[in-house]
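Remarks on the overall topology
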Amino acid sequence: MSLYAGGDEVRGYFADRYHAVRVTMARRQLGAALADGATLAPRAPVIELGAGGGQIVAGGRLSRLLGSRPVVYVDFDPAALGDIDSKGRYRVCSDVASGLPFPDASVAAVVMGELIEHIYDTRRLLEECHRVLLPQGMLVLTTPNLAALQDRIRFVSGKSPRHVNPLHRYLWLHIRPFTPHSLRMVLRATGFSVTELKSNFVVWRRNSGGRSKSRTLARIFPGLGSILVVSARSQKPHGKESSGNDEAVT
C-alpha cells in the first residue's frame, strides 16, 4: 500500500482554493523568472519534482512563457505522473531523495510543490537542486509553515504544532516541517539566495472542522501564513556551513 496520495487524489487538491492559491503564487514566481530571459538560458529545461501530474508547471500564461523550453515532470510514482504526452513535456520516474537524474548546471528552474517536508535529508535534496541548476537558476517551492499563527499559539500553550502530530491522517508524513527562518537558513547553506517568501492564507482552524482564512493577513505577515511559497536563486558553488544558530529566530 502506498503511503502517499495517488495521482487522482493529488489532482483533486487543486479544486480547494487553499491549494489553488499557493499553486498560482508559485506559478507567478516561476513566471517572473522565465520572463527575465537574461538570466535563464532559453533552451534549458524546467523540472518539477514530486510533480503529481504536473500541476504547477502548467497553465495559460506560464505555458506561453515556457514557449519551446522543455519541461520534465519527476515523481517516484508512475500513477501520480499520469499521461503527459505534449511536445516538449517529459515524464521521469525517479526517487528524488536518492539524487536527481540530470547533469550539472543544465537546468533553468526547479519547482517543488509540497515535497520538501516529506524528505528526510533535505540538505542533500537542495544540494542536488543547486548542482543541476545553472548559475542564477531559480528554485521555487511550497511547503507548510511550522510557525503559522495558530501553531505558534498552540506551542506557547504547551501543545504541539499540527504538523508534528503523529496521529494526523496525513500530516504524520511530514518529517521535515520548516519555519520561515529554518527554510531561509537551509537554502542559504546549500547555495541559494532567497528572492521572495510569501504565504497563501493566515488560517484559523475551528474544533468543528471548519476554518477561517485571510489572504490580506498573509500578504502583510507572510511568516504567519499556512503555506510558504518561496523562490531562490542558485549562487556560486557553496561550501559547508554551520547549523546556522548565529541569528535570531523570526
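Quantities reported herein were computed from a predicted structural model and do not represent experimental measurements. (Residues numbered from 1 in each chain as written. Predicted model: local features only at pLDDT ≥ 70, side-chain atom pairs only at ≥ 80, totals over all residues. Heavy atoms only, no water.)

Things to note about the sheet that holds strand S4 (residues 107-113)
Here is the rule: Here a strand pair is declared whenever DSSP counts at least two bridges between the two strands. The helix and strand labels rest on DSSP assignments: H or I over at least four residues marks a helix, E over at least two residues marks a strand, and numbering proceeds from the N terminus. The axes are straight lines fitted to the C-alpha atoms, using for helices just the contacting stretch, and the angles between their N-to-C directions are given from 0 to 180°.
Reading across from one edge, S3-S2-S1-S4-S5-S9-S6 is the order of the seven strands in this open sheet, with mixed pairing throughout. If you trace the sheet from one side to the other, it starts and ends with strand S3 (89-93) and strand S6 (192-199), each paired once. Between one strand axis and the next, the sheet turns through 15 degrees on average, direction left out of account. For strand S5 (residues 133-144) and strand S9 (residues 227-234), the ladder comprises seven bridges, and the chain directions are antiparallel.

Observations concerning a nonpolar patch on the surface
For clarity, the cut-off: Each patch is built from residues that are more than 30% exposed by relative accessible area and take part in no salt bridge. Like charges join if they lie within 9 Å; nonpolar side chains (Val, Leu, Ile, Met, Phe, Trp, Tyr) join within 5 Å. The protein chains shown are the only cover counted for residues, whose accessible areas, like all others here, come from Shrake-Rupley with a 1.4 Å probe. The term salt bridge refers to a side-chain nitrogen of Lys or Arg lying within 4 Å of a carboxyl oxygen of Asp or Glu. Exposure classes here rest on a 1.4 Å probe applied to the protein chains alone. A residue is buried below 20% of its type maximum, exposed above 50%, and partly exposed in between.
A contiguous nonpolar patch, built from Leu217, Ile220 and Phe221 and spanning about 280 Å² of accessible area, is present on the exposed surface. Checked against the element boundaries, isoleucine 220 lands in helix H8 (residues 215-220). Looking at isoleucine 220, the relative accessible area reads 52%, which means it is exposed.

Considerations on the packing of aromatic side chains
What counts, and what does not: Here a Phe, Tyr or Trp ring, Trp counted by its six-membered ring, pairs with any other such ring whose centre lies within 6.5 Å, and the pair is stacked when the planes are under 30 degrees apart, edge-to-face when over 60, and tilted otherwise. Should the NZ of a Lys or the CZ of an Arg lie within 6 Å of a ring centre and within 35 degrees of the ring normal, that charge is described as sitting over the ring.
Tallying each qualifying case throughout the model produces one aromatic pair. Here the guanidinium or amino end of arginine 176 rests over the ring plane of tyrosine 120, the centre of that ring lying 4.7 Å away. Here lysine 213 stacks its cationic end above the ring of phenylalanine 201, 5.6 Å away from the centre of that ring.

So, helix H5 (residues 122-132)
To keep it simple, the criterion reads: We call two residues contacting when some pair of their heavy atoms lies within 4.5 Å.
Across the 11 residues of H5, eight count as buried, placing the element largely inside the fold. Every buried residue of H5 is accounted for by Thr122, Leu125, Leu126, Glu127, Glu128, Cys129, His130 and Val132. Buried residues belonging to H5 abut strand S1 (46-49), S4, S5, helix H7 (180-189), S6 and S9.

Topic: a positive patch on the surface
Put simply, the test is: Charged residues are defined here as Lys and Arg on the positive side and Asp and Glu on the negative side; His and the ends of the chain fall outside this count. The atom standing in for a charge is NZ when the residue is Lys, CZ when it is Arg, CG when it is Asp and CD when it is Glu.
Together, Arg17, Arg28, Lys213 and Arg219 make up a region of like positive charge exposed at the surface. As for its position among the elements, arginine 219 is in helix H8.

What to know about the pairing of S4
Defined as follows: Look down the strands so they point away from you; if the path from the first strand over the helix to the second goes clockwise, the crossover is right-handed.
Here S4 lies mainly inside the structure; seven of its seven residues are buried. Looking at chain direction, S1 and S4 are connected through four bridges and run parallel. By the bridge assignment for S4, leucine 49 is matched with methionine 112. Since S4 and S5 lie parallel, the crossover through H5 that links them has a hand, and here it is right-handed.

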